[in-house]
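Fold and contact review
Below, each chain spelled out in residue letters.
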Amino acid sequence: TWRHLLIWLQKMITAADIKFALKHKQTLFALQRVALPGLKDIPGPVALPIFGTRWIYNKYFGRYTITKIHEAYQSMFKEYGQVIKEEAFFNYPVISTCSAQDIEKLIKFPSKFPLRPPNGIVSKYRQNTPGRYNDGGLTNEQGKAWHRLRESTTHDMVNTRVIQNLIADVNDMAIDYIAGINKLRDPDTGRVQDIIELNRKLGFESTCLLGLGCRVGFLEDELNPRVKRLSQATNCLFEALNEANYNLPLWRYFPNSTYKKLAKAEEDLYELACEYLEPALQRIEESYEPEAAQTVLIGILKRSDLDDKDKKSSIVDFVSSGMNTIGNTLSLLLYLIAKNPDAQTKLYEEINNLLEPDEPISAKYLNSARYLKACVQEYFRILPTAPQIARIVESEMVLSGYQVPEWSVVLCHTSAACKNENYFHQADKFIPERWIASEVEANPDLKVQYPFLVSPFGFQRRICPGKKFTEQMLHIFLATVVRQFEVRCEKDLELEFKFLLAPAGQLTIDFKERI
Ligand code: HEM
């Protein structure tokens, strides 16, 4: 038939092309370089000298608001296409892409030591504080220095067995969380006017459990002064990071108010972490068998290839990286579940099928809870708190037809890509079934073509080391809440970008006790 003939012809042409390409590889490559548009051709907002394109976020004459940066990117991708170029201060180019093909290229780039742009202000502070820090730390270092820290500090944290051993502790936290909800609920309506603060506290408490190896008391009625300082320091740190990211980088030249804020937050975090480390250090001296929750911490403290500064700065990095990310995620996840009653009903049915009424959540349940995991995965597709992943490209590469030079900064907008109808069927709908093979078999439209686009924890070897812990934590949290309450939310949630995507204003949730 004509179709077969066409397919045969296509194969012949492809084979001939490959032979030709192999023979004339160098020439073709050179021609392609000449022919392809480059960095300067990538569309994007008009750049001004020095200020680059940052004027678009200016309060008075800009087009977008800095706290709505997620919406700004959606609008720019619509206006300019799937790849855009912005210019940071001093006209440093920053490329953004939401193309699945580009993102796949970056994810699959065989990098030994993937490069993520360091957080300049943190690196500067740590350089200025040599008494406490050897370097920028795990989140900011690059190359071999990063690899050394990564290998020696995250070994236990990425181990499934170590994380599973924390299930009992996380269950206890979830019970305290439910008690917290019950204190906030209106006795007649079950309404909690604003759940965000409680979720933040649970985020803080769980991160401390992982990084400091103990419960610190964020879920208690009265916060002890140490915990209050910890919470304030983390908030200040994120405020300073946000300011440093989007305001003129004057901190490079003198310690401006943003730098001072960051320095104070880092100092407080460091001192507080050290206070929490004391009992663990004592335990090591007394050769006690560590409790499950202390495995990660004691594992780091016992390393002979790390000095004291490396150990302490890594623990500070773990605590500060996890606190707000988990807190935001809990609120955003709860909101999506509350907005999707059908999915919630299915989830409740699965819980009842897999668990006896008073049976605690166990590794066995978590391993078989397919719908629970699908709900969390679908949440990550729709509302991840880290909507883009940054990389410095290690070699020249072609992104959406543009030749991008080596060492360019590229932001992979995985979240924007996840909203693309061409990539996900009914992209704006919460459909956990798309992540379940048997459901996809029954409805092939749901098949996920580009699963790698859901990368809420990043990718390559630089992927978040807290991923396993966080996922387990979210599974336990969601199952515990849905088992106890039917949750509903009437209003739509406002979002704002504060270094991370976060809920803005209040999140009012109705918690109806299940009978
Ligand atoms: C909802 C929770 C979390 C989210 C969404 C999240 C997200 C991320 C993302 C997107 C990255 C960048 C990865 C990349 O560049 O490829 C990252 C890195 C990192 N995260 Fe998380 N994270 C979370 C929780 C945690 C927790 C609990 C910890 C505590 C251990 C943690 C520690 C880190 C560290 C140390 C890095 C830097 C890793 C490196 O550069 O090697 N994160 N995280």
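Figured I'd write up the structure that's included with this text. (Residues numbered from 1 in each chain as written. Predicted model: local features only at pLDDT ≥ 70, side-chain atom pairs only at ≥ 80, totals over all residues. Heavy atoms only, no water.)

Remarks on the overall build of the protein
The test is simple: Helix and strand definitions here come from DSSP, where helices need a minimum of 4 consecutive H or I residues and strands a minimum of 2 consecutive E residues; each element is numbered from the N-terminal end. Here the globule rule reads 2.2 Å times residues to the power 0.38, and the radius of gyration is calculated from C-alpha atoms. The buried label goes to any residue with under 20% of its type's maximum accessible area, the exposed label to any with over 50%, and the partly exposed label to all in between, with areas taken from a 1.4 Å probe on protein chains only. Every residue pair with non-hydrogen atoms within 4.5 Å of one another is taken to be in contact. Surface accessibility follows the Shrake-Rupley procedure with a 1.4 Å probe radius. Residue values consider only the protein chains on display as shielding. Neither His nor the chain ends is counted toward charge; the positive residues are Lys and Arg and the negative residues Asp and Glu. In this description, the location of a charge corresponds to atom NZ of lysine, CZ of arginine, CG of aspartate or CD of glutamate.
Scanning the protein for helices and strands turns up 19 helices and 11 strands. For 515 residues, the compact-globule formula gives about 24 Å, and the C-alpha radius of gyration of the protein, at 25 Å, lands near that figure. Taken along the three principal axes of its C-alpha coordinates, the protein extends 70 × 60 × 50 Å. Buried residues in the protein amount to 52% of all 515 residues. The long-range share in the protein, meaning contacts at least 24 apart out of those at least 6 apart in sequence, stands at 72%. Put simply, the protein shows about 25000 Å² of open surface, and 55% of that area lies on carbon and sulfur atoms. Across the protein, the mean location of the 64 positive side-chain charges is 7 Å away from that of the 64 negative side-chain charges.

A word on the pairing of strand 1 (residues 83-87)
How we decide: DSSP bridges decide pairing: two strands pair if at least two such bridges lie between them.
Counting buried positions along strand 1 gives five out of five residues, so the element sits mostly inside the fold. Across five bridges, the pairing between strand 1 and strand 2 (residues 93-97) is antiparallel. Bridging across to strand 2, E86 finds its partner in V94.

Notes on the packing of aromatic side chains
Threshold: Centres within 6.5 Å make a pair out of two Phe, Tyr or Trp rings, where for Trp the six-membered ring is used; the pair is then stacked when the planes are under 30 degrees apart, edge-to-face when over 60, and tilted otherwise. Consider the ring centre and the ring normal. A charge sits over the ring if Lys NZ or Arg CZ is within 6 Å of that centre and within 35 degrees of that normal.
What the rule picks out here adds up to 14 aromatic pairs. Members of the aromatic cluster, joined through ring pairs, are Y125, Y133, Y259 and Y270. One cation-aromatic arrangement involves R514 over Y348; the distance from NZ or CZ to the ring centre is 3.7 Å.

Comments concerning the coordination of the iron atom of the ligand
Our working definition: Listed donors are limited to N, O and S atoms within 2.8 Å of the metal, widened to 3.2 Å for Na, K and Ca; water is not among them, so incomplete-looking sites are possible.
Donor atoms from the protein around the iron atom of the ligand number only one, C464 (SG), found at 2.3 Å. Residue placement: C464 occurs in the loop between helix 18 (437-442) and helix 19 (467-484).

Observations regarding the sheet that holds strand 7 (residues 409-412)
Short version of the rule: Only the stretch in contact is used when a helix axis is fitted, and all axes are lines through C-alpha atoms; the angle between N-to-C directions ranges over 0 to 180 degrees.
Across the sheet, four strands lie side by side as 1-2-7-4; this open sheet has mixed pairing. On the outer flanks of this sheet lie strand 1 and strand 4 (389-392), each paired with one strand and no other. Strand-to-strand twist in this sheet, taken as the mean axis angle between neighbours without regard to direction, amounts to 25°. Here helix 3 (residues 69-80) sits on the sheet in contact with strand 1, strand 2 and strand 7, set at roughly 120° to strand 1.

Considering the site of the ligand
Counted only if it meets this: Throughout, the term near means that a residue has one or more heavy atoms lying within 4 Å of the molecule or strand in question. A 3.5 Å cut-off defines polar contacts: any pair of N or O atoms within that distance qualifies, except that in protein one atom must be a possible hydrogen donor and the other a possible acceptor, and neighbouring residues in sequence count only when both atoms are side-chain atoms.
Lining the immediate surroundings of the ligand are 26 residues, of which R116, R150, R391, R462 and C464 lie closest. Here an oxygen atom of the ligand and a side-chain polar atom of R150 are 2.8 Å apart. For the ligand, an oxygen atom lies 3.1 Å from a polar atom in the backbone of F459. Elements represented by at least two residues in the shell around the ligand include exactly helix 6 (143-153), helix 13 (308-339) and strand 4.

Focus: the side chain of E141
This is how the line gets drawn: Note on definitions: salt bridges are taken to be side-chain nitrogens of Lys or Arg within 4 Å of carboxyl oxygens of Asp or Glu.
Position of E141 among the secondary structure elements: in the loop between helix 5 (120-127) and helix 6. Notably, E141 is buried but unbridged: the nearest opposite-charge side chain belongs to R462, and the N-O separation is 7.7 Å. Within the local environment of E141, its side chain forms a polar contact with the backbone nitrogen of G136, the two atoms lying 2.8 Å apart. Ignoring anything within four residues of it in the chain, the contact list for E141 reads D135, G136, W146, L149 and R462.

Side note on the nonpolar core
Side chains that are nonpolar tend, in soluble globular proteins, to be buried together. Selection rule: To form a nonpolar core, buried Ala, Val, Leu, Ile, Met, Phe, Trp, Tyr and Cys residues must be joined to one another through side-chain atoms within 4.5 Å.
Core analysis: the largest hydrophobic core is formed by 157 residues, its most contacted members being I195, L478 and F511. No other element matches helix 13, which puts 14 residues into this core. Leaving out residues up to four positions away in the same chain, L478 has contacts with L333, I337, L347, L372, C375 and V376.

Some remarks on the packing of helix 10 (residues 225-246) against helix 11 (residues 257-285)
Rules: Helix crossings are classified by the rotation of the near helix relative to the far one: an anticlockwise turn of less than a right angle makes the crossing left-handed, while a clockwise turn makes it right-handed. Classification used: nonpolar for Ala, Val, Leu, Ile, Met, Phe, Trp, Tyr, Cys and Pro, charged for Asp, Glu, Lys and Arg, polar for all others including Gly.
Packing of helix 10 against helix 11 brings their axes to within 8 Å, and their N-to-C directions diverge by 145°. The element helix 10 and its partner helix 11 pack so that their crossing is left-handed. Split into classes, the residues belonging to the contact of helix 10 with helix 11 amount to 13 nonpolar, two polar and nine charged.

Some points on the pattern of salt bridges
Enumeration over the complete set of coordinates arrives at 30 salt bridges. Close ionic contact of K261 with E243 constitutes a salt bridge, the shortest N to O distance being 2.7 Å. Here K261 is found in helix 11, whereas its partner E243 is found in helix 10, with 18 residues between them in sequence. Residue E243 is classed as partly exposed on the basis of its relative accessible area, which comes to 24%. A salt bridge links E496 to K498; its shortest N-O distance comes to 3.5 Å. Given the relative accessible area of 47%, K498 is considered partly exposed. One network of salt bridges, with partners in common, ties together R126, E266 and D317.

Quick word on unusual backbone geometry
Even without a glycine there, the phi angle at N91 is positive, about 60°. On the secondary structure map, N91 appears in the loop between strand 1 and strand 2. Look at Q426: it is not a glycine, yet its phi comes out positive at around 45°. By the element assignment, Q426 lies in the loop between helix 17 (414-418) and helix 18.

Digging into the sheet that holds strand 8 (residues 485-488)
Within a beta sheet, neighbouring strands are joined by backbone hydrogen bonds and run either parallel or antiparallel to one another. Taken in spatial order, the three strands line up as 3-11-8 in an open sheet, and their pairing is antiparallel. At either margin of the open sheet sits one strand with a lone partner, and together these are strand 3 (191-192) and strand 8. Strand direction decides the pairing type here: strand 3 and strand 11 (residues 509-513), joined by two bridges, are antiparallel. From the neighbouring strand, V192 faces strand 11, where its bridge partner is I509.

Comments concerning helix 9 (residues 196-212)
How we decide: Any helix carries an expected span of 1.5 Å times its number of residues minus one.
Between the first and last C-alpha of helix 9 there are 23 Å, a value that for 17 residues agrees with the 24 Å anticipated at 1.5 Å per step. After helix 9 finishes, the residue G213 shows a positive phi value of roughly 75°.

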